[in-house]
Amino acid sequence: MALQSLDIARRSATTTPAPAARQTTEVAKLIDVSTCIGCKACQVACMEWNDLRDEVGSCAGVYDNPVDLTAKSWTVMRFAEVELSGPNGGRLEWLIRKDGCMHCADPGCLKACPAPGAIIQYANGIVDFHQENCIGCGYCVTGCPFNVPRISKEDSKAYKCSLCSDRVAVGQAPACAKVCPTGAIQFGSKEQMQDVADKRLADLKSRGFDKAGLYDPQGVGGTHVMYVLHHADRPELYSGLPNDPAISPLVSLWKGFAKPLATLALAGVALGSLFHYVTKGPNEVSKELEDELEKEES
Amino acid sequence: MIRNPKDLQRYTAHERANHWVVGISFILLALSGLAFFHPAFFPLAQLFGGAVWARILHPFLGVLMAVSFLAIFFRFKALNVMTPADQEWLNRVGEMVDGNDHDMPEQGKYNGGQKMMFWALALCMLLLAVSGILLWRAYFGFPVGLVRFGAVIHAATAAVMIALIFVHVYAAIWVKGTIRAMWYGTVTRAWAKQHHRAWYRQVTGKS
Ligand code: HEM
Ligand code: SF4
């Protein structure tokens, strides 16, 4: 939902500037994978606050449930059992990651979207889908480097985590951050969250996780959902978190400068034809030939 | 309908109907497709009852066009095989465009330019149909890398094809006496002798 109290930074399929009189603080959600216990309270809180009830599925043999993001499950816990070879020999680790929209500073979904105002980036960094303007083409799915948006089978609209933009607009933390029993999900200004992460990283490093780091990928300009990872050198261990995500060059090509140029070229062909007609005149059958054939016929 | 019994039949009723189905579906496809192509064209979606309807209808129109184009393709394929005479015509196309078509090499039913147009349009159709299926999320779920590739191909080919169709339509307007071939199927003998002399000889048996 559009909320007047949130200032807009970018609007999909819009070529004129967004209202920019006010600057707001950038917010961020910090997910500390090393203190997450996989209880899924955040999944429940997300359902409750957003009033979503996904179909009750069946157990796929692993803890992941539902097994994937859907139009009605905007966040899911992904459980990965990983065997790590280290100096101390093979070690099994259970890596649990809360998956959902990363709220990219440079969102591929918004770049790809052809419907004006269906995707909004607020000045605070939240990327929000406005289903009333969504046309259901699925271009956001094509644009997203994290495979996040889902098109509903019921209404053909795109859905994903809103970072509880409605709560944030009135000074509340997102439902998942509010409910997390271990404090693994925190919310605040992006700067604050980076400070919190620094403290966590110092602690992790002192315990021997010397590759611990903050996941705030610069390929998408940084994100407004960040992870503290104990193995930041190998994000793919966490159920395929992309190593160096960026908007695909194909998407940039598709949505880039080529289209205005193609539009000009089309206008050029149309006008060129008009002026060809005006300057050269029509190509008519010659009078002599017409007379000749008329004689033949009579 | 024959206006003058001496006129030459260029297209049968079936061929004309086939062509119009392709033409109408192409125009609707171009208008609805452009709506997603760039925000400047988004208002075109209103012609289809809004952008959601444009999104729903576009691929179905695509299927209609692809099937009817396939019929046209097989009807006219044999007539569009390039010959050395076509090559020479193409080498001298500058004179033609300049409006000086009197001593262009003699042409059969189609000239080199028309044949090039035929094959270029056939290629565009193929690319658009295949890439269009890749983009059709309502019914298909291809790997995202393939969809991204399809999006680039679809948008680029659509732009090229719209330009080609501008040229195709303009050529028909520019060469007077041509459009009636698509209305009632006939052309005058003088038209045939001037623009497609070899074809004129073939159908009339005259020199
Ligand atoms: C031949 C069969 C075709 C199929 C199956 C097809 C399918 C599609 C689909 C699925 C989309 C995405 C939007 C939507 O879901 O409606 C699309 C977009 C588009 N189509 Fe087609 N289409 C076809 C032919 C054409 C033709 C002949 C043209 C143009 C003359 C065209 C021009 C476009 C354009 C310009 C876009 C927007 C591309 C962009 O977003 O950059 N399409 N098409
Ligand atoms: S993660 Fe995907 S859906 Fe979320 S803001 Fe980035 S591009 Fe958009």
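Note: the structure precedes this text.
These notes cover the structure that comes with them. (Residues numbered from 1 in each chain as written. Chains lettered and ligands numbered in written order. Predicted model: local features only at pLDDT ≥ 70, side-chain atom pairs only at ≥ 80, totals over all residues. Heavy atoms only, no water.)

Brief notes about the overall build of chain B
- A count of helices and strands for chain B gives nine helices and two strands.
- Overall, chain B is about 60 × 35 × 30 Å in size when its C-alpha atoms are taken along their principal axes.
- The buried share among the 207 residues of chain B stands at 46%.
- Summarising the internal contacts of chain B: among those between residues at least 6 apart in sequence, 66% fall at separations of at least 24.
- Of the accessible surface of chain B, which amounts to about 10300 Å², a share of 71% is contributed by carbon and sulfur atoms.
- Measuring between centres, the 19 positive side-chain charges of chain B sit 12 Å from its 9 negative side-chain charges. (Helix = DSSP H or I, 4+ residues; strand = E, 2+ residues; numbered from the N terminus. Buried < 20%, exposed > 50% of the residue type's maximum accessible area, 1.4 Å probe, protein only. Contact = heavy atoms within 4.5 Å. Areas by Shrake-Rupley, 256 points an atom, 1.4 Å probe, with all protein chains shown as cover. Lys, Arg positive; Asp, Glu negative; His and termini not counted. Charge placed at Lys NZ, Arg CZ, Asp CG, Glu CD.)

Focus: helix H6 (residues 190-206) of chain A
All names here are of chain A.
- When the terminal C-alpha atoms of H6 are compared, their 24 Å separation across 17 residues agrees well with the 24 Å that a helix rising 1.5 Å per residue should span.
- Among the residues of H6, Lys190, Met193, Ala197, Leu201 and Leu204 are the ones counted as buried. When H6 is viewed along its axis, its buried side chains cluster within an angular range of 80° and face the same direction. The exposed set on the far side of H6, more than 90 degrees from its buried face, consists of Glu191, Lys199 and Ser206.
- Tucked into the core, H6 has its buried residues touching strand E2 (27-32), strand E9 (185-189), strand E10 (213-215) and strand E11 (225-229).
- After H6 finishes, the residue Gly208 shows a positive phi value of roughly 100°. (Expected span 1.5 Å × (residues − 1). Arc of directions from axis to C-beta.)

A look at the site of ligand 2
- Around ligand 2 sit 13 residues in total, of which Cys101(A), Met102(A), Cys104(A), Cys109(A) and Cys144(A) are the nearest.
- Its residues placed into classes, the shell around ligand 2 shows 10 nonpolar, two polar and one charged. (Near = heavy atom within 4 Å. Nonpolar A, V, L, I, M, F, W, Y, C, P; charged D, E, K, R; others polar.)

Digging into the interface of chain B and chain A
- Residue-level contacts link 45 residues of chain B with 48 residues of chain A.
- Across the interface of chain B and chain A, roughly 3800 Å² is buried in total on both sides, 66% from carbon and sulfur atoms.
- On the chain B side of the contact with chain A, Arg137(B), Arg148(B) and Tyr170(B) bury the most area, a combined 16% of that side's loss.
- Here chain B and chain A share three salt bridges between them.
- As a salt-bridge pair, Glu292(A) and Lys193(B) come within 2.8 Å of each other at their nearest N and O atoms.
- For the interface between chain B and chain A, the tally reads 20 residue pairs in polar contact (both at pLDDT 80 or more).
- Mapped onto the side of chain B that touches chain A, the elements with two or more residues apiece are helix H1 (13-37), helix H2 (51-76), helix H4 (93-97), helix H6 (144-174), helix H8 (189-195) and helix H9 (197-204) of chain B.
- For the side of chain B that touches chain A, the element with the most residues is H6(B), which contributes 16 residues.
- Grouping the constituent residues of the side of chain B that touches chain A by class yields 28 nonpolar, six polar and 11 charged. (Buried area = accessible area lost by both parts, 1.4 Å probe. Salt bridge = Lys/Arg side-chain N within 4 Å of Asp/Glu carboxyl O. Polar contact = N/O pair within 3.5 Å; in protein donor to acceptor, adjacent residues only side chain to side chain.)

Focus: the site of ligand 1
- In the region of ligand 1, 24 residues are neighbours, and Tyr139(A), Lys259(A), Arg55(B), His58(B) and His154(B) sit closest.
- Among the chains of the assembly, those with residues near ligand 1 are chains A and B.
- Contact distances for ligand 1 include 2.8 Å between an oxygen atom and a side-chain N or O atom of Tyr139(A).
- The side chain of His58(B) places a nitrogen or oxygen atom 2.7 Å from a nitrogen atom of ligand 1.
- Only H1, H2, helix H5 (112-135) and H6 of chain B provide two or more residues apiece to the shell around ligand 1.
- Among the elements that take part in the shell around ligand 1, H1(B) stands out by supplying seven residues, more than any other.

Some words on a nonpolar patch on the surface
All names here are of chain B.
- Side chains of Trp20, Ile24, Leu28, Val169, Ile173, Ile179 and Trp183 sit close together on the surface and give an oily, nonpolar patch of about 630 Å² of accessible area.
- Of all the secondary structure elements, the ones that give two or more residues to the nonpolar patch are H1 and H6.
- For the nonpolar patch, the element with the most residues is H1, which contributes three residues.
- Along the polypeptide, Ile179 turns up in the loop between H6 and helix H7 (180-183). (Patch = residues over 30% accessible without salt bridge, like charges linked within 9 Å, V, L, I, M, F, W, Y side chains within 5 Å.)

Here we look at the sheet that holds E2(A)
All names here are of chain A.
- Spatially, four strands are ordered E9-E2-E11-E10 in an open sheet, and the strand pairing comes out mixed. The open sheet has two edge strands with one neighbour each: E9 and E10. Neighbour to neighbour, the strand axes of the sheet diverge by 25° on average, direction disregarded.
- Where E2 lies against E9, five bridges are found, and the strand directions are antiparallel. Bridge pairing links Lys29 to Phe187 in E9. (Pairing = 2+ DSSP bridges. Axes fitted to C-alpha atoms, helices over the stretch in contact; angles between N-to-C directions.)

A closer look at H5(B)
- The end-to-end C-alpha separation of H5(B) is 34 Å, in line with the 34 Å expected for 24 residues at 1.5 Å each.
- Capping of H5(B) at its N-terminal end is provided by Asn111(B); its side-chain oxygen lies 2.9 Å from the backbone amide nitrogen of Gly113(B).

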